[in-house]
Amino acid sequence: MWTFALMMLLAAQDAAPAEPVKLVVPAGPCQPAIDGAAGTLETLRTATGQWAATHREVRFEPDAKADPACMQAVLKILGAAGAGERFPIGFVENEAFSGVEGD
């Protein structure tokens with residue numbers, strides 16, 4: 001019985017974690033892109049339910065020139081879905097937000 005439990009534990013450890021989701025809010029129309037595919041706010045709302053169910057990490061990368069109303073809507077959807085509590089989220093810093101310019 002212990003052998004079976006040990007085999008199950010080792011199998012669970014060997015499973016690679018899912019790749020993080022890349023969420024981009026582009027400049028222009030409010031079409032958040034999930035892993036490179038542009039969508040709508042409703043698409044995002046549906047995706048957040050899946051992320052919460054699987055605890056999939058999200059990397060949030062907004063464009064510095066994204067529409068503030070779109071950003072607010074996206075953040076509201078992420079907050080309602082439990083970002084940070086039900087699924088991990090990280091902010092991928094955009095140099096334009098920090099005021100640091102590249103070489």
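Computed from a predicted structure; not experimentally measured.

Student: How would you explain the side chain of threonine 48 if you had to name every residue and give the values?
Tutor: Here threonine 48 lies in helix H2 (residues 41–54). Judged by relative accessible area, which is 4%, threonine 48 ranks as buried. In contact with threonine 48, other than residues within four places in its own chain, are Ile77, Leu78, Ala81 and Phe87.

Student: Mind laying out the packing of H2 against helix H3 (residues 68–81), listing which residues take part and the relevant values?
Tutor: Running from amino to carboxyl end, H2 crosses H3 at an angle of 25°, the nearest separation of the two axes being 9 Å. Taken together, the axes of H2 and H3 lie roughly parallel to each other. As H2 packs across H3, the resulting crossing turns out to be right-handed. Taken together, the residues of H3 that come into contact with H2 (itself represented by Leu41, Leu44, Arg45, Thr48, Trp51 and Ala52) are Ala73, Val74, Ile77, Leu78 and Ala81. Here the contact of H2 with H3 is composed, by residue class, of nine nonpolar, one polar and one charged.

Student: Report on the sheet that holds strand S1 (residues 21–25), specifying residues and quantitative values.
Tutor: Strand pairs in the sheet, formed through backbone hydrogen bonds, run parallel or antiparallel to each other. If you trace the five strands from one edge of the open sheet to the other, you get S3-S2-S1-S4-S5, paired in mixed fashion. If you trace the sheet from one side to the other, it starts and ends with strand S3 (37–38) and strand S5 (89–91), each paired once. Pairing of strand S4 (residues 58–62) with S5 involves three bridges; the strand directions are parallel. Of the residues in S5, the one forming a bridge with valine 58 is isoleucine 89.

Student: Residue-level account of the nonpolar core, with values.
Tutor: By size, the foremost hydrophobic cluster in this structure holds 18 residues, and its most contacted members are Leu23, Trp51 and Val74. Those elements giving two or more residues to this core turn out to be S1, H2, S4 and H3. Per-element accounting of this core gives the leading share, six residues, to H3. Ignoring anything within four residues of it in the chain, the contact list for valine 74 reads Leu23, Val25, Pro32, Leu41, Leu44 and Phe60.

Student: So what's going on with H3? Which residues, and what values?
Tutor: When the terminal C-alpha atoms of H3 are compared, their 20 Å separation across 14 residues agrees well with the 20 Å that a helix rising 1.5 Å per residue should span. Of the residues making up H3, those classed as buried are Cys70, Met71, Val74, Ile77, Leu78 and Ala81. Here the buried residues of H3 occupy an arc of 130° about the axis, which is enough to place them on one side. Pointing more than 90 degrees away from the buried face of H3 are the exposed residues Pro68, Gln72, Lys76, Gly79 and Ala80.

Student: Summarise unusual backbone geometry; cite the residues concerned and give the values.
Tutor: In this structure, aspartate 35 takes a positive phi of about 50° despite not being glycine. For aspartate 35, the position within the fold is in the loop between strand S2 (33–34) and S3. Even without being a glycine, histidine 55 presents a positive backbone phi close to 55°. Relative to the helices and strands, histidine 55 resides in the loop between H2 and S4.

Thresholds applied
Residues numbered from 1 in each chain as written. Predicted model: local features only at pLDDT ≥ 70, side-chain atom pairs only at ≥ 80, totals over all residues. Heavy atoms only, no water. Helix = DSSP H or I, 4+ residues; strand = E, 2+ residues; numbered from the N terminus. Buried < 20%, exposed > 50% of the residue type's maximum accessible area, 1.4 Å probe, protein only. Contact = heavy atoms within 4.5 Å. Axes fitted to C-alpha atoms, helices over the stretch in contact; angles between N-to-C directions. Parallel < 35°, antiparallel > 145°, perpendicular 65-115°, else oblique. Left-handed = near helix turned anticlockwise from the far one by under 90°. Nonpolar A, V, L, I, M, F, W, Y, C, P; charged D, E, K, R; others polar. Pairing = 2+ DSSP bridges. Core = buried A, V, L, I, M, F, W, Y, C linked by side-chain atoms within 4.5 Å. Expected span 1.5 Å × (residues − 1). Arc of directions from axis to C-beta.

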